[in-house]
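Examination of the molecular architecture
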Amino acid sequence: MIGLISATAAGAGARDRLAAAWPDRTRVYEGPVSDAVRAAFAECEQLVCFLATGAVVRLIAPLLGDKRTDPGVVCVDEGGRFAVSLVGGHGGGANELAVEVGESLAAQPVVTTATDSVGVPGLDTLGFPVEGDVAGVSRALLDGEPVALDAELAWPLPPLKVSDHGSYVIRVTDRAVEPAEREVVLRPPSLVVGVGASKGAPVDEVLGLVESAVRDAGLSLASLAQLATVDAKSKEPGIVETARRLGVPLVTYSAEELAAVEVPNPSDAPLAAVGTPSVAEAAALVGGGELLVPKRKSERADGQPAMATCAVVRRVARGRLSVVGLGPGARDLVTPRAKAELRRAAVLVGLDQYVDQIRDLLRPGTVVLESGLGAEEERARTAVAEARRGQAVALIGSGDAGVYAMASPALAEASDDIDVVGVPGVTAALAAAAILGAPLGHDHVSISLSDLHTPWEVIERRVRAAAEADIVVTFYNPRSRGRDWQLPKALAILAEHREPGTPVGVVRNASRPDESSRLTTLAALDPATVDMMTVVTVGNTATRDIAGRMVTPRGYRWQASQAAQASREVAK
């Protein structure tokens, strides 16, 4: 919960706007400011104080204890101009909160944490548990001192300025090792524990078994990613509570799925009870990996039979491929999620002109692999290959990467040995539609007129189907110097089913500085004025030019009512 505190009417106005925007995330604290701050500090994970920074410093100073547990505090001036990350930038999430508050209130986020200021990822913000000399190693990264990366596990990381040797070390391991001097240990989520339990197995027995199995194998519980079991045990209290106490998700599989997993220690008991010869080992091994601790039974002090079993697997480190849509060109149409993925990537793959658009959003040390037009399949193969090496990779495309862009060739190349994340973007069709008015208010379709990869016969059949179905059509890749006859042909097909006065919107370089647009008609459009940077949208029989805007109503009933009204006017 985020506590909101203000002292004046101006501050209360901004406070109430934020409360209205985030009703489920915030709680307004009324009354004397000092009492409100103390209460919110004790009860909330984060605070937003609409007060002067000096006042907030004095109010929270006696309350500060440990930066690992103190709430993050953001201070917003009463004019709502700035959102300052004051305390708990990393541990308390105040840096991210300042950005969110800025977006909600149209305020400028102010983040002074050293790593964030220069674009170096904070070691305590990588999403992994971290131990050791975080401050010292972070300072070395900032000062350009040599920092060595000792990765016992090839886990995908954001770009870090590291070398083969250095007096400071970042170690990536799931082993239970103590950080040395000038060393930081990152704990990747590499361990899966499979669990089986008899009905009514006490939580202390299940939890004690898991903890001892991990500890005795010389592993760290901080690297535990999940508990896994059979569906029939999904609500077994001892297992459910064990997952809760360990702070990891409980993943379940059907007996059929587990029975298909080859294990070293099958048994008749679970086969009779839940329909699979193995629960603990099979559940841990479903996703593959190395069996570090074979099936192990709990030990009971009363000498009674064990009620729990577990097995520990180190899952295979998987690279991460993020396919990112950059939008139609304008910087403010690049989504926050896309920006976050760009900063997370250690390797960026993309068309050179798209890389130039977002180069300033990359963290220092990001490896950039760029190429020119016509190398889409090569870029897709490169991105997948880098991900298979265990890297965190971003593959960029314009608009939405899944629409006539890089997602299709990349996913055709990728298999299930890497994680793939899609990041949607604003398409050229949507950007053009917003400029034209509301041409896509009813059913619509996008068709590329490029026959480089698709035979013209197929394209023509699709255009004809859209024409006959009275669907609004947006043409991508409408005309180039080497393809000048396809657009006239497509327009002629549409003209067989639509009036000459059907509105047509033409937008070039949507959202970019040299953007241009015009509204014309099916009969008046000159294909020679169209190029590859243009999106052409042809309306259906219901589309109208209303006050210079292209509008397709959400339904057809309005036409009947308009016709009836016109008839009444004529009758008068």
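Scroll up a little and you will see the structure.
Because the structure is predicted, anything quoted here is derived from the model rather than measured.

1. Quick notes on the overall build of the chain
- When you go through the chain residue by residue, the secondary structure sums to 19 helices and 28 strands.
- Based on the C-alpha atoms only, the size of the chain along its principal axes is roughly 95 × 65 × 60 Å.
- Split into buried and exposed, the 572 residues of the chain put 47% on the buried side.
- Sequence-distant contacts, at least 24 apart, represent 64% of the contacts inside the chain between residues at least 6 apart.
- Surface summary for the chain: the accessible area is close to 27000 Å², and the carbon and sulfur share equals 51%.
- Placing the 57 positive and 71 negative side-chain charges of the chain at their respective mean positions leaves the two points 4 Å apart.

2. Comments concerning the pairing of strand β17 (residues 347-351)
- Of all 5 residues in β17, 5 are buried, a share of seventy percent or more.
- Across 5 bridges, β17 lies against strand β18 (residues 367-371) in parallel orientation. Residue valine 349 lies in a different strand from β18, and its bridge partner there is leucine 369.
- A crossover links β17 with its parallel partner β18, the connecting element being helix α13 (residues 352-358), and its sense is right-handed.
- Here 3 bridges tie β17 to strand β19 (residues 392-397), and the two strands are oriented parallel to one another. In the strand pairing of β19, leucine 348 is matched with alanine 394.

3. So, helix α16 (residues 428-436)
- Among the residues making up α16, those that are buried are Ala429, Ala431, Ala432, Ala433 and Leu436.
- Directly beyond the C-terminal end of α16, a positive phi value near 140° is found at glycine 437.

4. Considering the environment of proline 336
- Note that proline 336 resides in helix α12 (residues 336-344).
- For proline 336 and aspartate 164, which are 172 residues apart along the polypeptide, the C-alpha to C-alpha distance reads 34 Å.

5. Examining the sheet that holds strand β26 (residues 534-538)
- Read across the sheet, 5 strands follow the order β22-β23-β26-β24-β25 without closing on themselves; strand pairing throughout is mixed. The sheet is open, and its two edges are formed by β22 (444-448) and β25 (516-521), each paired on a single side. Within this sheet the neighbouring strands show an average axis-to-axis angle of 20°, counted without direction.
- As judged from the 6 bridges shared by strand β24 (residues 503-508) and β25, these two strands associate in the antiparallel manner. Of the residues in β25, the one forming a bridge with valine 506 is arginine 518.
- The strands touched by helix α17 (residues 456-468) within the sheet are β22 and β23 (472-476), with β22 carrying the most contacts at an inclination of about 160°.

6. Thoughts on the pattern of salt bridges
- Going through the model one piece at a time under the given rule, you end up with 28 salt bridges.
- Across the pair glutamate 205 and arginine 300 runs a salt bridge whose closest N-O atoms are separated by 3.4 Å. In this pair, glutamate 205 sits in helix α7 (residues 203-216) while arginine 300 sits in the loop between β14 (290-297) and β15 (308-314), placing the two residues 95 residues apart along the sequence.
- For glutamate 205, a relative accessible area of 11% corresponds to the buried category.
- Its salt-bridge partner being arginine 359, residue aspartate 356 comes within 2.8 Å of it at the nearest N-O pair.
- Look at the salt bridges and you will find they share partners, linking Asp204, Glu241, Arg244 and Arg245 into a network.

7. So, the packing of α7 against helix α8 (residues 237-246)
- Two numbers describe how α7 lies on α8: the axes approach to 8 Å, and their chain directions differ by 50°. Considering their axes alone, α7 and α8 lie oblique with respect to each other. Note on packing geometry: the crossing formed by α7 with α8 is right-handed. In contact with Val203, Asp204, Val206, Leu207, Val210 and Glu211 of α7, α8 contributes Gly238, Glu241, Thr242, Arg245 and Leu246.
- Of the residues that constitute the contact of α7 with α8, the class distribution is 5 nonpolar, 2 polar and 4 charged.

8. Focus: the sheet that holds strand β11 (residues 191-197)
- Across the sheet, which stays open at both edges, the 5 strands sit in the order β13-β12-β11-β15-β14 with mixed pairing between neighbours. The sheet is open, and its two edges are formed by β13 (250-253) and β14, each paired on a single side. Here the average twist between neighbouring strands, direction ignored, is 20°.
- By the bridge criterion, 4 bridges tie β11 to strand β12 (residues 224-230) in an arrangement that is parallel.

9. Here's the deal with the packing of aromatic side chains
- Scanning the entire structure with this criterion turns up 2 aromatic pairs.
- Between tyrosine 404 and tyrosine 476 the ring centres are 4.8 Å apart and the planes differ by 50°, which places this aromatic pair in the tilted class. With tyrosine 404 in the loop between β19 and α15 (407-413) and tyrosine 476 in strand β23, the pair connects residues that are 72 residues apart, well separated along the chain.
- Among the residues examined, tyrosine 404 registers a relative accessible area of 44% and is labelled partly exposed.
- Ring centres of tryptophan 456 and tryptophan 485 lie 5.1 Å apart, and the angle between their planes is 70°; on these two criteria the pair is classed as edge-to-face. With tryptophan 456 in helix α17 and tryptophan 485 in the loop between β23 and α18 (486-495), the pair connects residues that are 29 residues apart, well separated along the chain.
- Taking NZ or CZ as reference, arginine 25 lies 4.3 Å from the ring centre of tryptophan 22, over its face.

10. Examining the side chain of threonine 520
- Structurally, threonine 520 can be placed in strand β25.
- Apart from residues lying up to four places away in sequence, threonine 520 is in contact with Thr502, Pro503, Val504, Val506 and Leu525.

11. Digging into the side chain of asparagine 540
- Counting through the fold element by element, asparagine 540 comes out in the loop between β26 and β27 (544-546).
- One polar contact links the side chain of asparagine 540 to the main-chain amide nitrogen of alanine 542, over a distance of 2.8 Å.

12. Examining unusual backbone geometry
- A positive phi angle, near 45°, is found at asparagine 477, a position not held by glycine.
- Positive phi values are uncommon outside glycine, yet serine 511 reaches one of about 75°.
- Looking at where serine 511 falls in the secondary structure, it is placed in the loop between β24 and β25.
- Here serine 511 falls in the buried class, since its relative accessible area comes to 18%.

13. What to know about α18
- Buried within α18 are the following residues: Gln486, Leu487, Ala490, Leu491, Ile493 and Leu494. On an axial view of α18, the arc spanned by its buried residues comes to 155°, and they lie on one face.
- Looking at the packing, one finds that the buried side of α18 touches α17, β23 and β26.

Conventions and cut-offs
Residues numbered from 1 in each chain as written. Predicted model: local features only at pLDDT ≥ 70, side-chain atom pairs only at ≥ 80, totals over all residues. Heavy atoms only, no water. Helix = DSSP H or I, 4+ residues; strand = E, 2+ residues; numbered from the N terminus. Buried < 20%, exposed > 50% of the residue type's maximum accessible area, 1.4 Å probe, protein only. Contact = heavy atoms within 4.5 Å. Areas by Shrake-Rupley, 256 points an atom, 1.4 Å probe, with all protein chains shown as cover. Lys, Arg positive; Asp, Glu negative; His and termini not counted. Charge placed at Lys NZ, Arg CZ, Asp CG, Glu CD. Pairing = 2+ DSSP bridges. Right-handed = clockwise from strand over helix to strand, strands pointing away. Axes fitted to C-alpha atoms, helices over the stretch in contact; angles between N-to-C directions. Salt bridge = Lys/Arg side-chain N within 4 Å of Asp/Glu carboxyl O. Parallel < 35°, antiparallel > 145°, perpendicular 65-115°, else oblique. Left-handed = near helix turned anticlockwise from the far one by under 90°. Nonpolar A, V, L, I, M, F, W, Y, C, P; charged D, E, K, R; others polar. Phe/Tyr/Trp six-rings, centres within 6.5 Å; stacked < 30°, edge-to-face > 60°. Lys NZ or Arg CZ within 6 Å of the ring centre and 35° of its normal. Polar contact = N/O pair within 3.5 Å; in protein donor to acceptor, adjacent residues only side chain to side chain. Arc of directions from axis to C-beta.

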